[in-house]
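Architecture and fold: a report
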Amino acid sequence: MGKKSAWRHSSLKSHLSMFNRSLHKTSSFAAQFLSLLPFCRKSQDLKALNSILILRGLIGNQSLIDHFINHCCHLRSPDLALQPFRIIQKPSLYLLNLLIRSLCDNGLFEDVILLYKNCRNSGSSSDKYTFPFVIKSCAALRDVWFGSLMHSVTLKNGFGENLFVQTALLDFYSKIGEIRNARKVVDEIPQPDLIVWNAMISGYSVNGFDYEVIRVFRDMIIAGVKPNASTLATVFPVCSRIEADRVGVSLHGLSYKLGCIEEESLLPALISMYANCGDLLASRDIFDASTRKDVAIWNAMISAYMRNHVQENAVAVFQRMLVDEMKPDKVTFVSLLPLCESLECVGAFHSCVVKFGFKKECSIVSAFVSVYAKLGDTDSAEFLFRGTRVRSLILWNSMVSAYAGHGFYEQSLEAFRLMQADGFDPDGISVISLLKSCSQLKVAMAGKSAHAFVVRRGFDGNLNVVNALLAFYVDRSEMICSFRIFDRMALKNVVTWNTMISGCVAEGDLERAMLLFHHMREERCNFDMVTLISILPSFHVYQSSPFGSIIHGYAVRTALASDVSLGNALVSMYVNCGELDAAWLFFDDMPQKSVVSWNAMLTGYRVHGLQKVALELFRDMIKEDIQMPSYVTLLNVLPACEDVHQGKSVHGYIVRRGISLETPLVTSLMIMYARFKISKSCLILFHIGDKMSISLWNTIISANIIMEKVNTVFSFFCELLRSRIEPDEITIQNLISACLHLKNMNISNSLLAHLVKEGFDRDVALVNSLIDMYAKTGSIASARRLFDSLPHKDSVSWSIMINGYGLHGHCEDALSLYSEMRLLGLKPDRITYISVLSACSHGGSVEQGRMVLGSMIHDGVMPGTEHYSCMVDLLGRAGRLEEAYEIVKTMGHQDCSGSLLASLLGACLSHGNYELGEEVGRFLRPEDCGPYVILHNIYAAAGKWADANDVRLLLEQNQFSKAPGISVVC
């Protein structure tokens, strides 16, 4: 072969020499020029002939140019034909189509577009052989605008029903993500052939509509169209993604039946399918059985091991590949690049890439940019990027994504802008990174501009882009915009539904979140782990453990329940619903527990007052010694300590294990010691902690209030101000609480002056606390002035003011304020009604109390135990004991609280209705001490000493003791 090639080269040189001499002697140079063309075998030969055409003035000979262009296309060097082609004034349609097809086949898509535009501007015509390759170039370049224009041009020129054109349009719309338009094109084809079916299947697959792929494949078989290797190579990855292993195995058998099992494109797809299903043995058998291993098959096997985290086997296959003298390509290196888990490894791998001559390959550079960025070395990523002169859209996307993925959101936006300035039209991947940056930076205008860009460029058919738009609006809490986009989406995948469900849960619209989940099931969209983790928090608000159990059932049936993250969410759901036994059963059955699992269970026991059980669980966690307790664990354990010895034991454990004393842990320890009145330990921890943290100061102030050292609270506050640390709302709430304890109007007024000076008087919650403070310290007039000064009052403001009037016995003022609230169109809540009913009780206004209770029921607010307690107290004070007893009977044994029964028993005692008191006594529960004491007094007053003694004996048996009274009079 070497001798033959050398002979041809020398023959071409001799012919060129003869040709140059003959140009001066004869006019038959055209024939001699044509005789040279068969000797051209390389682009260098064509360049030599092109030089002759220019130097000898032969460039104007159209016949020679036609033959020269034809030969350039035949040798796959169409770029050399561009300059001669431009000189032709009226090129033939055949020549135009030949050059456009050759440029397209050789990946020179931008030249295709430019050539077509120039010919169109010069008046050249186009036909059914021109448009498919121009449209294919638009698809390759993701040029949405020009591709859509070409669709219009084909329709205008009457080629809209041509099968070649329709197939090209189908491929174009599929590649740019506009799957709806692709489907419309297919629906217009009366009898789709295999190429059309393959394009449709590929389009659905690329855009993530896996179940649609299976449906279209089934329709294809029903239509009597026999699939080929290309069809199966597209369907195999889908089978693995939707975990349809049996379908994949059946299709493997079909490939044998069709005789295409040895096709080059099919074997890599088969290897990947079995690998994605976790069957590496089957993948390896196919690989070893292959007699003709090309680089794609080697790459498939390497990728199979990489996806299944068997890196050592991937390296072994790569080494064998080199031993077998199979030269790796850029896909090989991109597949192996995730092996690099350190910067040193990346550097060594980079050297290997340079050795094989791929250092300037744009896809390789893009992969290295991503890996460097993933490992946190954005400087190296930038260095590689800036050192690449010829950049591609993929490289720009890698850089934009690298910035966005590592929190450099402003740089990401700047890179996006520079990409456009560099002449690259952003694609869907670019827009997704852009929207992420806009969301994190909370720049609404830029995000909405990106939305407009998506619509203008036609990306609104790309599912991934629309999902990113949904996420942007959900992050901004603009659920109305999110639902507008969601409702217009013709196709939705699991990411779409997850985004909307999590958005509704975050906004507290839990009913709609549950409704979305049901719609998702109705539309037969398979949920995933993220769906269940998103929906589970919505159940605890409704106390809907049955619904949560249904979700648990879904998780078990889909084999997701074994996932630790989902298991933690299920434990939290059962805990929040109060189903601690179910939570424990699931927790105890979990094959793997993370520290979050233990924390969820500990939180449940602590919140439900089971401190002893929480401490026992903490001991079990320490004994297992598998999971190191986090500071969240300790934050749950410390409030559960029932005595100082337990608290000190936990503190000692923290010190022994060297757990970092973060501020939340220090503050929790301080509160624990404050509960046991150990002020010295509180002070030591305060001095150890970070004094620049306002939460530390808030805790020492709160601890002194708990220890009833209220006088020292303001000393710490003054020290806080001297430290130039700004107090926050919690600080002020603590100070207001201290003022309540002191009941000193001078200090209260000084605090109010400070709040006005610092601008805290605009905070509704703080002013509400001040109103409550003044009402409870005796200055109802000051409380009313503060209430009237509030520009925006919430329901809490009205409730506190009404309650204040009730405490002072101003029933008429409380009812007047309640009426004013209703006249303003404000709807009272449950707390407001408690305040009004309590005021009526203090004022003895029975009829008004009945009216308020009736209004409450009319407004759709169902009365609770607290509301009925107020009514029982009101009726009892007024001597209407029978009516009060009717309310108690209506409520039943379970709903009657001890305080409610004590109130009615006290009224029976004071009004001398001992018989009714005995009837009420039947509702008492063994754990209620106070009501039993009153019942004893009723029996004693009625002269029933035997019954009185029985009650006293019951109190002694249950070890009840009445809390002694305390007098503040010295």
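From a predicted model like this one, the values you see are computed outputs, not experimental measurements.

What follows deals with the overall build of the protein. The helix and strand inventory of the protein stands at 58 helices and zero strands. Considering the protein as a whole, with its 970 residues, one finds that 48% of them fall into the buried category. Long-range contacts, defined as pairs at least 24 residues apart, comprise 59% of the intrachain contacts of the protein with a sequence gap of at least 6. Here the protein displays about 48,300 Å² of accessible surface, and carbon together with sulfur accounts for 54% of that area.

Evaluation of the coordinates by the stated rule reveals 18 aromatic pairs. Judged by centre distance (6.3 Å) and plane angle (70°), the ring pair of Tyr116 and Phe146 falls under edge-to-face. Separated by 30 residues along the polypeptide, Tyr116 in helix H7 (residues 109-121) and Phe146 in helix H9 (residues 144-156) bring together distant segments of the chain. Across the pair, exposure class does not vary: Tyr116 and Phe146 are buried alike. With centroids separated by 6.2 Å and ring planes inclined at 85°, the aromatic side chains of Phe483 and Phe486 adopt a geometry described as edge-to-face. Linking Phe483 with Phe486, this pair stays in helix H29 (residues 479-488), spanning three residues, or about one helical turn. The two residues Phe483 and Phe486 agree in class, both being buried. An aromatic cluster is built from Tyr116, Phe131, Trp145, Phe146 and Phe159, whose rings are joined through pairwise contacts. Sitting over the face of the ring of Phe483, Arg512 holds its NZ or CZ atom 4.6 Å from the ring centroid.

Next up on the list: a negative patch on the surface. A cluster of acidic residues, Glu243, Asp245, Asp279 and Asp285, forms a negative patch on the protein surface. With respect to the secondary-structure elements, Asp245 resides in helix H15 (residues 245-258).

Within this structure's numbering, the places UniProt gives as "repeat: PPR" (unreviewed entry) are residues 193-227, 294-328, 392-426, 493-527, 594-628, 794-828, 829-863 and 864-898. For residues 392-426, helix accounts for 74% and strand for 0%, while the C-alpha atoms at its two ends are 11 Å apart. Taken end to end, residues 794-828 is 74% helix and 0% strand, and its two terminal C-alpha atoms sit 10 Å from one another.

A word on helix H12 (residues 194-206). Between its first and last C-alpha atoms H12 spans 18 Å; for 13 residues at 1.5 Å apiece the expected length is 18 Å, and the two agree. Taken together, the buried positions of H12 are Val196, Trp197, Asn198, Ala199, Met200, Ile201, Gly203, Tyr204 and Ser205. Tucked inside the fold, the buried residues of H12 contact helix H10 (163-175), helix H11 (179-187), helix H13 (210-222) and helix H14 (229-241). Just downstream of H12 lies Gly208, where phi reads positive at about 85°.

A separate point is the environment of Leu954. Mapped onto the fold, Leu954 is located in helix H58 (residues 945-957). On the accessibility criterion, Leu954 (30% relative accessible area) is partly exposed.

This part is about unusual backbone geometry. A positive phi angle is found at Lys677, which is not glycine, with a value near 60°. Mapping Lys677 onto the fold places it in the loop between helix H41 (663-675) and helix H42 (679-688). Unusually for a residue other than glycine, Glu708 sits at a positive phi of about 60°. For Glu708, the location among the structural elements is in the loop between helix H43 (694-706) and helix H44 (710-722). The class for Glu708 is exposed, based on a relative accessible area of 62%.

What follows covers the state of the cysteines. Note on terminology: a disulfide is the covalent bond linking the sulfur atoms of two cysteines. Counted according to the given criterion, the structure contains zero disulfides. Considering cysteine sulfurs only, Cys811 is the nearest to Cys840, which forms no disulfide, with 4.5 Å between them. For Cys840, a relative accessible area of 0% translates into the label buried.

Assignment of secondary structure puts His252 in helix H15. Given a relative accessible area of 12%, His252 falls into the buried group. Side-chain polar atoms of His252 contact the side chain of Tyr274, separated by 2.8 Å. Apart from residues no more than four positions distant in its own chain, His252 is found in contact with Phe236, Ile261, Leu270, Tyr274 and Ile286.

Here the focus is the confidence of the model for the protein. Per-chain confidence: the protein averages 78 in pLDDT, with 87% of residues scoring 70 or above. Note on residues 1-16: pLDDT under 50 across the span, and 11 contacts to partners over four residues away in sequence or across chains. Below a pLDDT of 50 lies the segment residues 965-970, which in the model reaches zero contacts outside its immediate sequence neighbourhood of four places, other chains included.

Bringing H15 into the picture now. In an α-helix, one turn spans 3.6 residues, which is why side chains three or four residues apart end up on the same side. An ideal rise of 1.5 Å per residue puts 20 Å on 14 residues; H15 measures up with 20 Å between its terminal C-alpha atoms. Buried within H15 are the following residues: Gly248, Leu251, His252 and Ser255. Around the axis of H15, the buried residues are gathered within 110° of arc, so they sit on the same side. The exposed set on the far side of H15, more than 90 degrees from its buried face, consists of Arg246, Ser250, Tyr256 and Lys257. On its buried face, H15 is in contact with H13, H14, helix H16 (266-276) and helix H17 (280-289).

Criteria and thresholds
- Residues numbered from 1 in each chain as written.
- Predicted model: local features only at pLDDT ≥ 70, side-chain atom pairs only at ≥ 80, totals over all residues.
- Heavy atoms only, no water.
- Helix = DSSP H or I, 4+ residues; strand = E, 2+ residues; numbered from the N terminus.
- Buried < 20%, exposed > 50% of the residue type's maximum accessible area, 1.4 Å probe, protein only.
- Contact = heavy atoms within 4.5 Å.
- Areas by Shrake-Rupley, 256 points an atom, 1.4 Å probe, with all protein chains shown as cover.
- Phe/Tyr/Trp six-rings, centres within 6.5 Å; stacked < 30°, edge-to-face > 60°.
- Lys NZ or Arg CZ within 6 Å of the ring centre and 35° of its normal.
- Patch = residues over 30% accessible without salt bridge, like charges linked within 9 Å, V, L, I, M, F, W, Y side chains within 5 Å.
- Salt bridge = Lys/Arg side-chain N within 4 Å of Asp/Glu carboxyl O.
- Lys, Arg positive; Asp, Glu negative; His and termini not counted.
- Charge placed at Lys NZ, Arg CZ, Asp CG, Glu CD.
- UniProt positions renumbered as here; feature names shortened; annotations may be inferred.
- Expected span 1.5 Å × (residues − 1).
- Disulfide = S-S within 2.5 Å.
- Polar contact = N/O pair within 3.5 Å; in protein donor to acceptor, adjacent residues only side chain to side chain.
- pLDDT = per-residue confidence, 0-100.
- Arc of directions from axis to C-beta.

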